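What follows is the residue order along each chain.
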Amino acid sequence: MTGAAGTVAGVIGSAAVAGDAVAAQRGGGPTGRPGGPRDVQRRELRGMWVATVANVDWPSKPGLSAAAQRAGLISYLDEAVARRLNAVILQVRPSADALWPSPYEPWAQCLTGVQGKDPGWDPLGTAVKEAHSRGLELHAWFNPYRVANHTDPSRLSAGHPARLHPEWVLPYGGKLYYNPGLPEVRAFVQDAMLDAVRRYDIDAVHWDDYFYPYPVAGQTFADGAAYAKYGAGFPDRAAWRRSNTDKLVREMSERIKALKPAVRFGISPFGVWRNASTDSLGSRTQAGVQTYDDLYADTRGWIKKGWIDYICPQLYWNIGSAAADYATLVPWWAETVRGTGVDLFIGEALYKAGDPAQSAAWQDPAELSRHVDFAAAYDQVRGHAYFSGKSVVADRIGAMDRVVADHYRSRARPPR
(Lines give C-alpha, C1' and ligand atoms only; values in the text may rest on other atoms or scores of the structure.)
Protein backbone atom coordinates (compact mmCIF):
# COMPACT_ATOMS: atom_id res chain seq x y z
CA MET A 1 0.00 0.00 0.00
CA THR A 2 1.33 3.45 -0.89
CA GLY A 3 0.34 7.05 -0.42
CA ALA A 4 -2.63 7.98 1.71
CA ALA A 5 -4.05 4.49 1.44
CA GLY A 6 -1.24 3.32 3.66
CA THR A 7 -1.53 6.36 5.87
CA VAL A 8 -5.26 5.86 6.34
CA ALA A 9 -4.73 2.22 7.19
CA GLY A 10 -2.12 3.20 9.75
CA VAL A 11 -4.29 5.88 11.31
CA ILE A 12 -7.43 3.77 11.46
CA GLY A 13 -5.76 0.41 12.00
CA SER A 14 -8.07 -2.55 12.32
CA ALA A 15 -10.84 -0.65 14.07
CA ALA A 16 -14.36 -1.13 12.84
CA VAL A 17 -14.88 0.72 9.57
CA ALA A 18 -17.58 3.37 9.62
CA GLY A 19 -20.78 2.24 8.05
CA ASP A 20 -19.74 -1.41 7.90
CA ALA A 21 -22.05 -2.68 10.60
CA VAL A 22 -24.81 -0.40 9.40
CA ALA A 23 -24.30 -1.61 5.84
CA ALA A 24 -24.45 -5.21 6.98
CA GLN A 25 -27.76 -4.54 8.69
CA ARG A 26 -29.18 -2.81 5.64
CA GLY A 27 -28.37 -5.73 3.39
CA GLY A 28 -27.72 -5.54 -0.30
CA GLY A 29 -26.50 -8.78 -1.78
CA PRO A 30 -24.15 -9.46 -4.65
CA THR A 31 -26.93 -8.80 -7.13
CA GLY A 32 -27.43 -5.31 -5.69
CA ARG A 33 -30.86 -6.15 -4.27
CA PRO A 34 -31.63 -5.52 -0.60
CA GLY A 35 -31.59 -8.38 1.84
CA GLY A 36 -28.52 -10.36 0.82
CA PRO A 37 -25.27 -10.82 2.74
CA ARG A 38 -22.79 -7.98 2.74
CA ASP A 39 -19.06 -7.74 3.35
CA VAL A 40 -18.75 -6.23 6.83
CA GLN A 41 -15.17 -5.19 6.10
CA ARG A 42 -16.38 -3.07 3.23
CA ARG A 43 -14.52 0.17 2.57
CA GLU A 44 -16.22 3.31 1.28
CA LEU A 45 -15.25 6.67 -0.12
CA ARG A 46 -16.49 9.74 1.69
CA GLY A 47 -15.25 12.58 -0.41
CA MET A 48 -15.54 16.35 -0.54
CA TRP A 49 -14.77 18.45 -3.60
CA VAL A 50 -12.85 21.68 -2.99
CA ALA A 51 -13.15 23.92 -6.06
CA THR A 52 -10.62 26.63 -6.83
CA VAL A 53 -11.83 27.95 -10.20
CA ALA A 54 -13.09 31.50 -9.72
CA ASN A 55 -12.43 30.98 -5.96
CA VAL A 56 -15.62 28.93 -5.61
CA ASP A 57 -14.42 27.31 -2.37
CA TRP A 58 -10.77 28.10 -1.82
CA PRO A 59 -8.93 30.41 -1.53
CA SER A 60 -11.90 32.45 -0.33
CA LYS A 61 -10.64 35.30 -2.50
CA PRO A 62 -7.53 35.94 -4.60
CA GLY A 63 -4.57 37.82 -3.20
CA LEU A 64 -4.53 36.48 0.37
CA SER A 65 -1.15 36.00 2.00
CA ALA A 66 0.51 32.61 1.74
CA ALA A 67 -0.18 32.04 5.43
CA ALA A 68 -3.86 32.89 5.04
CA GLN A 69 -4.18 30.65 1.99
CA ARG A 70 -2.53 27.78 3.83
CA ALA A 71 -4.76 28.26 6.86
CA GLY A 72 -7.85 28.19 4.65
CA LEU A 73 -6.74 24.97 3.00
CA ILE A 74 -5.97 23.33 6.35
CA SER A 75 -9.42 24.31 7.63
CA TYR A 76 -11.01 22.33 4.81
CA LEU A 77 -8.89 19.29 5.64
CA ASP A 78 -9.83 19.60 9.30
CA GLU A 79 -13.49 19.93 8.32
CA ALA A 80 -13.22 16.68 6.38
CA VAL A 81 -11.78 14.94 9.43
CA ALA A 82 -14.48 16.40 11.69
CA ARG A 83 -17.16 15.08 9.33
CA ARG A 84 -15.45 11.68 9.28
CA LEU A 85 -14.79 11.95 5.56
CA ASN A 86 -11.72 10.26 4.12
CA ALA A 87 -10.92 12.01 0.83
CA VAL A 88 -10.57 15.57 -0.40
CA ILE A 89 -10.85 16.16 -4.15
CA LEU A 90 -8.86 19.35 -4.64
CA GLN A 91 -9.02 21.26 -7.92
CA VAL A 92 -5.37 21.82 -8.84
CA ARG A 93 -5.60 22.76 -12.54
CA PRO A 94 -8.72 24.92 -12.80
CA SER A 95 -8.13 26.80 -16.08
CA ALA A 96 -4.96 25.58 -17.79
CA ASP A 97 -3.00 26.94 -14.82
CA ALA A 98 -1.52 25.20 -11.81
CA LEU A 99 -1.54 25.06 -8.02
CA TRP A 100 2.02 23.78 -8.01
CA PRO A 101 5.27 25.09 -9.61
CA SER A 102 4.62 23.58 -13.02
CA PRO A 103 7.14 23.85 -15.87
CA TYR A 104 4.23 23.57 -18.31
CA GLU A 105 1.70 26.13 -17.13
CA PRO A 106 1.54 29.34 -15.09
CA TRP A 107 0.59 29.65 -11.45
CA ALA A 108 -3.20 29.71 -11.04
CA GLN A 109 -4.93 33.07 -11.02
CA CYS A 110 -7.16 32.05 -8.11
CA LEU A 111 -4.16 32.25 -5.75
CA THR A 112 -2.82 35.77 -6.18
CA GLY A 113 -5.29 37.30 -8.60
CA VAL A 114 -2.54 37.47 -11.21
CA GLN A 115 -2.03 34.41 -13.38
CA GLY A 116 1.61 33.37 -13.35
CA LYS A 117 2.49 35.13 -10.07
CA ASP A 118 4.28 32.89 -7.57
CA PRO A 119 2.13 32.65 -4.41
CA GLY A 120 5.17 31.98 -2.26
CA TRP A 121 4.28 28.43 -1.32
CA ASP A 122 3.30 25.07 -2.87
CA PRO A 123 -0.45 24.48 -2.38
CA LEU A 124 -0.56 20.99 -3.91
CA GLY A 125 2.53 19.79 -2.06
CA THR A 126 1.12 21.14 1.20
CA ALA A 127 -2.29 19.61 0.53
CA VAL A 128 -0.83 16.14 -0.05
CA LYS A 129 1.34 16.25 3.07
CA GLU A 130 -1.33 17.66 5.35
CA ALA A 131 -4.10 15.41 4.01
CA HIS A 132 -2.02 12.30 4.52
CA SER A 133 -1.05 13.34 8.04
CA ARG A 134 -4.77 13.42 8.83
CA GLY A 135 -5.53 10.05 7.30
CA LEU A 136 -7.18 11.62 4.23
CA GLU A 137 -6.67 10.73 0.60
CA LEU A 138 -5.87 13.61 -1.73
CA HIS A 139 -7.40 13.30 -5.18
CA ALA A 140 -5.92 15.88 -7.55
CA TRP A 141 -8.72 17.30 -9.69
CA PHE A 142 -7.75 18.53 -13.16
CA ASN A 143 -9.77 20.09 -15.97
CA PRO A 144 -8.22 18.96 -19.28
CA TYR A 145 -9.41 21.53 -21.82
CA ARG A 146 -10.77 24.71 -20.21
CA VAL A 147 -8.38 27.62 -20.77
CA ALA A 148 -10.33 30.60 -19.44
CA ASN A 149 -13.79 31.79 -18.43
CA HIS A 150 -13.46 34.58 -20.98
CA THR A 151 -12.46 34.80 -24.66
CA ASP A 152 -9.58 37.30 -24.55
CA PRO A 153 -6.18 35.57 -24.91
CA SER A 154 -4.41 38.82 -24.01
CA ARG A 155 -5.73 38.44 -20.45
CA LEU A 156 -3.73 35.22 -20.05
CA SER A 157 -0.22 35.40 -18.59
CA ALA A 158 2.43 36.37 -21.13
CA GLY A 159 4.00 32.94 -21.40
CA HIS A 160 0.76 30.97 -21.29
CA PRO A 161 0.81 28.02 -23.73
CA ALA A 162 -2.50 29.20 -25.17
CA ARG A 163 -0.84 32.48 -26.17
CA LEU A 164 2.27 30.74 -27.49
CA HIS A 165 0.05 28.38 -29.52
CA PRO A 166 -3.06 30.35 -30.50
CA GLU A 167 -3.85 27.65 -33.07
CA TRP A 168 -4.64 25.33 -30.15
CA VAL A 169 -7.46 27.49 -28.80
CA LEU A 170 -11.12 27.99 -29.71
CA PRO A 171 -13.61 30.47 -28.23
CA TYR A 172 -17.06 29.10 -27.45
CA GLY A 173 -19.89 30.19 -25.19
CA GLY A 174 -17.90 33.08 -23.74
CA LYS A 175 -14.94 30.88 -22.78
CA LEU A 176 -11.67 29.67 -24.26
CA TYR A 177 -10.95 25.97 -24.76
CA TYR A 178 -8.09 23.90 -26.02
CA ASN A 179 -9.20 22.04 -29.16
CA PRO A 180 -9.58 18.34 -28.25
CA GLY A 181 -9.24 17.39 -31.92
CA LEU A 182 -5.55 18.27 -32.10
CA PRO A 183 -3.11 15.46 -31.18
CA GLU A 184 -0.56 18.01 -29.95
CA VAL A 185 -3.14 19.42 -27.53
CA ARG A 186 -3.97 16.00 -26.14
CA ALA A 187 -0.27 15.27 -25.63
CA PHE A 188 0.35 18.65 -23.97
CA VAL A 189 -2.52 18.54 -21.48
CA GLN A 190 -1.50 15.02 -20.49
CA ASP A 191 2.10 16.13 -19.96
CA ALA A 192 0.92 19.06 -17.84
CA MET A 193 -1.23 16.88 -15.60
CA LEU A 194 1.30 14.06 -15.34
CA ASP A 195 3.85 16.51 -13.98
CA ALA A 196 1.81 16.62 -10.76
CA VAL A 197 1.57 12.82 -10.69
CA ARG A 198 5.33 12.58 -11.06
CA ARG A 199 6.13 15.17 -8.37
CA TYR A 200 3.61 14.37 -5.65
CA ASP A 201 2.25 11.39 -3.74
CA ILE A 202 -1.32 12.02 -4.84
CA ASP A 203 -3.80 9.18 -4.45
CA ALA A 204 -5.80 9.77 -7.61
CA VAL A 205 -6.08 11.79 -10.79
CA HIS A 206 -9.64 13.12 -10.92
CA TRP A 207 -11.45 14.66 -13.89
CA ASP A 208 -14.86 16.27 -13.79
CA ASP A 209 -17.61 16.52 -16.43
CA TYR A 210 -15.96 18.94 -18.86
CA PHE A 211 -14.66 17.38 -22.08
CA TYR A 212 -16.09 19.01 -25.18
CA PRO A 213 -17.98 22.02 -23.82
CA TYR A 214 -21.65 21.89 -22.89
CA PRO A 215 -23.79 22.96 -25.87
CA VAL A 216 -24.66 26.65 -26.16
CA ALA A 217 -27.72 27.43 -28.28
CA GLY A 218 -26.94 29.18 -31.52
CA GLN A 219 -23.17 28.72 -31.27
CA THR A 220 -20.81 26.38 -33.11
CA PHE A 221 -17.63 24.84 -31.74
CA ALA A 222 -15.41 25.74 -34.68
CA ASP A 223 -13.25 22.63 -35.00
CA GLY A 224 -13.92 22.19 -38.71
CA ALA A 225 -10.28 22.55 -39.74
CA ALA A 226 -9.17 19.86 -37.30
CA TYR A 227 -11.99 17.60 -38.47
CA ALA A 228 -10.97 18.10 -42.09
CA LYS A 229 -7.39 17.18 -41.21
CA TYR A 230 -7.98 14.27 -38.84
CA GLY A 231 -11.57 13.12 -39.37
CA ALA A 232 -11.12 10.77 -42.32
CA GLY A 233 -12.60 7.36 -41.68
CA PHE A 234 -15.25 8.53 -39.22
CA PRO A 235 -18.94 8.47 -40.20
CA ASP A 236 -19.52 11.97 -38.84
CA ARG A 237 -18.01 14.68 -36.69
CA ALA A 238 -19.70 13.38 -33.54
CA ALA A 239 -17.97 9.98 -33.88
CA TRP A 240 -14.64 11.72 -34.46
CA ARG A 241 -15.11 13.90 -31.40
CA ARG A 242 -15.96 10.88 -29.24
CA SER A 243 -12.84 9.15 -30.54
CA ASN A 244 -10.76 12.18 -29.52
CA THR A 245 -12.15 12.04 -25.98
CA ASP A 246 -11.62 8.27 -25.90
CA LYS A 247 -7.99 8.76 -26.87
CA LEU A 248 -7.47 11.32 -24.10
CA VAL A 249 -8.90 8.96 -21.48
CA ARG A 250 -7.13 5.83 -22.72
CA GLU A 251 -3.76 7.51 -23.16
CA MET A 252 -3.93 9.20 -19.77
CA SER A 253 -4.86 5.92 -18.14
CA GLU A 254 -1.93 4.13 -19.72
CA ARG A 255 0.50 6.88 -18.82
CA ILE A 256 -0.60 7.08 -15.17
CA LYS A 257 -0.20 3.33 -14.75
CA ALA A 258 3.21 3.37 -16.42
CA LEU A 259 4.38 6.21 -14.18
CA LYS A 260 2.79 5.27 -10.83
CA PRO A 261 0.63 2.14 -10.89
CA ALA A 262 -0.79 2.85 -7.41
CA VAL A 263 -2.31 6.19 -8.46
CA ARG A 264 -5.99 5.76 -9.31
CA PHE A 265 -7.71 7.42 -12.25
CA GLY A 266 -11.26 8.59 -11.68
CA ILE A 267 -13.79 10.60 -13.64
CA SER A 268 -16.88 12.43 -12.36
CA PRO A 269 -19.17 12.94 -15.37
CA PHE A 270 -22.58 14.47 -15.76
CA GLY A 271 -24.94 11.81 -14.44
CA VAL A 272 -26.72 10.70 -17.63
CA TRP A 273 -24.85 8.75 -20.30
CA ARG A 274 -27.86 8.49 -22.65
CA ASN A 275 -31.61 8.50 -22.16
CA ALA A 276 -33.36 5.22 -22.94
CA SER A 277 -35.41 7.06 -25.57
CA THR A 278 -32.12 7.64 -27.43
CA ASP A 279 -30.49 4.28 -26.73
CA SER A 280 -32.02 1.15 -25.22
CA LEU A 281 -28.91 0.77 -23.08
CA GLY A 282 -29.50 4.17 -21.52
CA SER A 283 -31.28 5.17 -18.32
CA ARG A 284 -35.01 5.78 -17.98
CA THR A 285 -34.47 9.52 -17.77
CA GLN A 286 -35.41 12.60 -19.76
CA ALA A 287 -32.25 14.60 -19.21
CA GLY A 288 -31.61 17.59 -21.41
CA VAL A 289 -27.93 16.67 -21.70
CA GLN A 290 -26.51 13.26 -22.60
CA THR A 291 -22.76 12.90 -22.20
CA TYR A 292 -22.39 10.56 -25.19
CA ASP A 293 -24.19 12.90 -27.58
CA ASP A 294 -23.57 16.38 -26.20
CA LEU A 295 -20.15 16.24 -24.52
CA TYR A 296 -18.79 13.45 -26.78
CA ALA A 297 -17.87 11.49 -23.67
CA ASP A 298 -18.67 7.76 -23.77
CA THR A 299 -18.62 7.33 -20.02
CA ARG A 300 -20.22 3.89 -20.18
CA GLY A 301 -17.63 2.76 -22.72
CA TRP A 302 -14.71 3.83 -20.53
CA ILE A 303 -16.05 1.62 -17.74
CA LYS A 304 -16.57 -1.38 -19.99
CA LYS A 305 -13.06 -1.00 -21.46
CA GLY A 306 -11.46 -0.73 -18.02
CA TRP A 307 -9.74 2.58 -18.71
CA ILE A 308 -10.62 4.11 -15.34
CA ASP A 309 -10.42 2.95 -11.74
CA TYR A 310 -13.53 4.72 -10.53
CA ILE A 311 -16.53 6.62 -11.86
CA CYS A 312 -18.29 9.25 -9.76
CA PRO A 313 -21.36 10.35 -11.73
CA GLN A 314 -22.85 13.63 -10.61
CA LEU A 315 -26.33 12.46 -9.63
CA TYR A 316 -27.45 15.94 -8.71
CA TRP A 317 -31.19 15.18 -8.71
CA ASN A 318 -33.56 14.34 -5.89
CA ILE A 319 -35.36 11.06 -5.40
CA GLY A 320 -38.48 11.33 -7.52
CA SER A 321 -37.15 13.94 -9.97
CA ALA A 322 -39.24 13.79 -13.15
CA ALA A 323 -36.34 14.43 -15.54
CA ALA A 324 -33.71 12.28 -13.85
CA ASP A 325 -34.69 10.33 -10.75
CA TYR A 326 -31.88 9.54 -8.32
CA ALA A 327 -33.64 6.25 -7.65
CA THR A 328 -33.47 5.39 -11.36
CA LEU A 329 -29.88 6.44 -11.94
CA VAL A 330 -28.19 4.67 -9.02
CA PRO A 331 -29.30 1.20 -10.19
CA TRP A 332 -28.42 2.07 -13.79
CA TRP A 333 -24.86 2.98 -12.84
CA ALA A 334 -24.61 -0.01 -10.47
CA GLU A 335 -25.54 -2.32 -13.33
CA THR A 336 -23.09 -0.55 -15.65
CA VAL A 337 -20.09 -1.14 -13.38
CA ARG A 338 -21.08 -4.67 -12.34
CA GLY A 339 -18.26 -7.12 -13.00
CA THR A 340 -15.90 -4.49 -14.46
CA GLY A 341 -13.69 -3.84 -11.42
CA VAL A 342 -14.47 -0.12 -11.70
CA ASP A 343 -15.55 1.42 -8.39
CA LEU A 344 -18.77 3.44 -8.34
CA PHE A 345 -18.99 6.53 -6.16
CA ILE A 346 -22.00 8.83 -6.26
CA GLY A 347 -21.60 12.59 -6.60
CA GLU A 348 -24.09 14.37 -4.32
CA ALA A 349 -25.49 17.90 -4.71
CA LEU A 350 -25.08 19.17 -1.17
CA TYR A 351 -25.06 22.70 -2.61
CA LYS A 352 -28.74 22.32 -3.48
CA ALA A 353 -29.81 21.52 0.08
CA GLY A 354 -31.68 24.52 1.46
CA ASP A 355 -31.28 26.59 -1.69
CA PRO A 356 -34.61 28.44 -2.02
CA ALA A 357 -34.32 28.25 -5.81
CA GLN A 358 -34.49 24.44 -5.67
CA SER A 359 -37.53 22.18 -5.45
CA ALA A 360 -39.27 21.20 -2.21
CA ALA A 361 -37.27 17.97 -1.95
CA TRP A 362 -34.09 20.00 -1.45
CA GLN A 363 -35.61 21.92 1.46
CA ASP A 364 -35.75 18.68 3.48
CA PRO A 365 -32.56 18.13 5.55
CA ALA A 366 -33.08 14.36 5.21
CA GLU A 367 -32.96 14.20 1.40
CA LEU A 368 -29.23 13.43 1.13
CA SER A 369 -29.35 10.94 3.99
CA ARG A 370 -32.08 9.12 2.06
CA HIS A 371 -29.72 9.06 -0.93
CA VAL A 372 -27.06 7.28 1.09
CA ASP A 373 -29.68 4.88 2.46
CA PHE A 374 -30.96 4.11 -1.02
CA ALA A 375 -27.50 3.58 -2.50
CA ALA A 376 -26.56 1.20 0.35
CA ALA A 377 -28.81 -1.42 -1.26
CA TYR A 378 -26.37 -1.70 -4.18
CA ASP A 379 -23.05 -3.40 -3.49
CA GLN A 380 -21.51 -1.70 -6.51
CA VAL A 381 -21.84 1.72 -4.82
CA ARG A 382 -18.61 2.17 -2.89
CA GLY A 383 -19.18 5.66 -1.49
CA HIS A 384 -20.25 9.25 -2.04
CA ALA A 385 -18.65 12.63 -2.72
CA TYR A 386 -20.23 15.97 -1.78
CA PHE A 387 -20.15 19.21 -3.73
CA SER A 388 -18.66 21.32 -2.50
CA GLY A 389 -16.38 22.37 0.34
CA LYS A 390 -18.08 25.59 1.36
CA SER A 391 -21.45 23.80 1.38
CA VAL A 392 -20.00 21.16 3.71
CA VAL A 393 -18.81 23.94 6.03
CA ALA A 394 -21.95 26.11 5.87
CA ASP A 395 -24.38 23.15 5.87
CA ARG A 396 -27.26 25.54 5.28
CA ILE A 397 -30.09 23.33 6.64
CA GLY A 398 -28.12 20.62 8.39
CA ALA A 399 -28.23 18.11 5.52
CA MET A 400 -24.57 17.18 5.97
CA ASP A 401 -25.02 16.92 9.73
CA ARG A 402 -27.83 14.46 9.05
CA VAL A 403 -25.69 12.33 6.72
CA VAL A 404 -22.88 12.21 9.27
CA ALA A 405 -25.22 11.35 12.16
CA ASP A 406 -27.03 8.66 10.18
CA HIS A 407 -24.14 7.09 8.27
CA TYR A 408 -20.69 8.30 9.34
CA ARG A 409 -20.60 7.50 13.05
CA SER A 410 -16.95 6.43 12.93
CA ARG A 411 -14.13 6.71 10.43
CA ALA A 412 -13.86 4.59 7.29
CA ARG A 413 -11.07 3.48 5.00
CA PRO A 414 -11.46 4.41 1.33
CA PRO A 415 -11.63 1.62 -1.27
CA ARG A 416 -8.36 0.38 -2.69
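Residues numbered from 1 in each chain as written. Predicted model: local features only at pLDDT ≥ 70, side-chain atom pairs only at ≥ 80, totals over all residues. Heavy atoms only, no water.

**Quick look at the overall build of the chain**
A tally of helices and strands in the chain yields 15 helices and eleven strands. Long-range pairs, those at least 24 residues apart, make up 73% of the contacts in the chain with a sequence separation of at least 6. When the accessible surface of the chain is totalled, it reaches about 15300 Å², and 52% of it is carbon and sulfur. (Helix = DSSP H or I, 4+ residues; strand = E, 2+ residues; numbered from the N terminus. Contact = heavy atoms within 4.5 Å. Areas by Shrake-Rupley, 256 points an atom, 1.4 Å probe, with all protein chains shown as cover.)

**Comments concerning the sheet that holds strand 3 (residues 137-142)**
The strand order 1-2-3-7-8-9-10-11 describes a closed barrel built from eight strands, whose pairing is parallel. Sheet topology places strand 1 (residues 45-50) next to strand 11 (residues 381-386); four bridges connect them, and they run parallel. Within strand 11, the position partnered with Leu-45 by the bridge is Gly-383. Those strands touched by helix 13 (residues 367-375) are strand 10 (343-348) and strand 11, and its axis lies near 165 degrees from that of strand 11. (Pairing = 2+ DSSP bridges. Axes fitted to C-alpha atoms, helices over the stretch in contact; angles between N-to-C directions.)

**Overview of unusual backbone geometry**
Residue Trp-58 is joined to Pro-59 through a cis peptide bond whose omega torsion reads -15 degrees. Tracing the backbone through its elements, the reader meets Pro-59 in the loop between strand 1 and helix 3 (66-82). We note that Ala-96 has phi near 55 degrees; this positive angle belongs to a residue other than glycine. Residues other than glycine seldom take positive phi values, yet Asp-395 does so here, at roughly 45 degrees. Positionally, Asp-395 belongs in the loop between helix 14 (389-394) and helix 15 (399-407).

**So, the sheet that holds strand 6 (residues 175-178)**
On the basis of which strands lie adjacent, the open sheet formed by three strands has the order 4-6-5 and antiparallel pairing. Two strands lie at the open edges of the sheet, namely strand 4 (146-148) and strand 5 (169-172), each paired on one side alone. Across the sheet, the mean angle separating the axes of adjacent strands is 35 degrees when strand polarity is ignored. The pairing of strand 4 with strand 6 spans two bridges and is classified as antiparallel. When the sheet's bridge partners are listed, Ala-148 is paired in strand 6 with Leu-176.

**Regarding the pattern of salt bridges**
Side chains that differ in charge, positive against negative, can pair when their charged atoms come close. What the rule picks out here adds up to 25 salt bridges. Between Arg-70 and Glu-130 there is a salt bridge; the shortest N-O distance is 2.9 Å. Here Arg-70, found in helix 3, pairs with Glu-130, found in helix 5 (residues 123-133); they are 60 residues apart in sequence, far enough to count as distant. You can call Arg-70 partly exposed: its relative accessible area is 35%. (Salt bridge = Lys/Arg side-chain N within 4 Å of Asp/Glu carboxyl O. Buried < 20%, exposed > 50% of the residue type's maximum accessible area, 1.4 Å probe, protein only.)

**Considering the pairing of strand 10**
With six of its six residues buried, strand 10 lies for the most part within the structure. Alternating positions in strand 10 separate into two faces, Asp-343, Phe-345 and Gly-347 on one and Leu-344, Ile-346 and Glu-348 on the other, with burial throughout. Both strand 9 (residues 310-311) and strand 10 contribute to a ladder of two bridges, which runs parallel. Among the inter-strand pairings, Tyr-310 is bridged to a residue of strand 10, identified as Asp-343. Traced from strand 9 through helix 12 (residues 326-337) to strand 10, the parallel crossover comes out right-handed. With four bridges joining them, strand 10 and strand 11 adopt parallel strand pairing. Directly across from Ile-346, in strand 11, lies its bridge partner His-384. Crossover strand 10 to strand 11 through helix 13 is right-handed. (Right-handed = clockwise from strand over helix to strand, strands pointing away.)

**Things to note about the confidence of the model for the chain**
Looking at the chain, the pLDDT average stands at 91 and 90% of residues meet or exceed 70. Here residues 1-41 is modelled with pLDDT under 50, and outside its nearest four sequence neighbours on either side it reaches 88 contacts, counting other chains as well. (pLDDT = per-residue confidence, 0-100.)

**Notes on the packing of aromatic side chains**
A full pass over the atoms with the stated rule returns 27 aromatic pairs. Here Tyr-214 and Phe-270 contribute two aromatic rings whose centre-to-centre distance is 6.3 Å and whose plane-to-plane angle is 80 degrees, an arrangement assigned as edge-to-face. Of this pair, Tyr-214 sits in the loop between strand 7 (204-207) and helix 8 (224-230) while Phe-270 sits in the loop between strand 8 (264-267) and helix 10 (291-295); the two residues are 56 residues apart in sequence, bridging distant segments of the chain. Its relative accessible area of 22% is what places Tyr-214 among the partly exposed residues. In this structure Phe-270 comes out as buried when scored by relative accessible area, which is 14%. Considering the side-chain rings of Tyr-227 and Trp-240, the 5.3 Å spacing of their centres and the 45 degrees angle between planes classify their relative orientation as tilted. You can see Tyr-227 sitting in helix 8 and its partner Trp-240 sitting in helix 9 (residues 237-259), a full 13 residues away along the chain. For Trp-240, a relative accessible area of 1% translates into the label buried. Three or more aromatic residues link up through ring pairs in this structure, and these residues are Tyr-172, Tyr-177, Tyr-212, Phe-221 and Tyr-296. In this structure, Arg-146 is placed above the aromatic ring of Tyr-210, and the distance from its NZ or CZ to the ring centre is 5.4 Å. In this arrangement the basic side chain of Arg-300 is found over the ring face of Trp-273, its NZ or CZ atom lying 5.5 Å from the centre. (Phe/Tyr/Trp six-rings, centres within 6.5 Å; stacked < 30°, edge-to-face > 60°. Lys NZ or Arg CZ within 6 Å of the ring centre and 35° of its normal.)

**Concerning the side chain of Gln-190**
You can see Gln-190 is positioned in helix 7 (residues 183-199). Discounting residues that sit within four places of it in the chain, Gln-190 has contacts with Leu-248, Glu-251, Met-252 and Arg-255.

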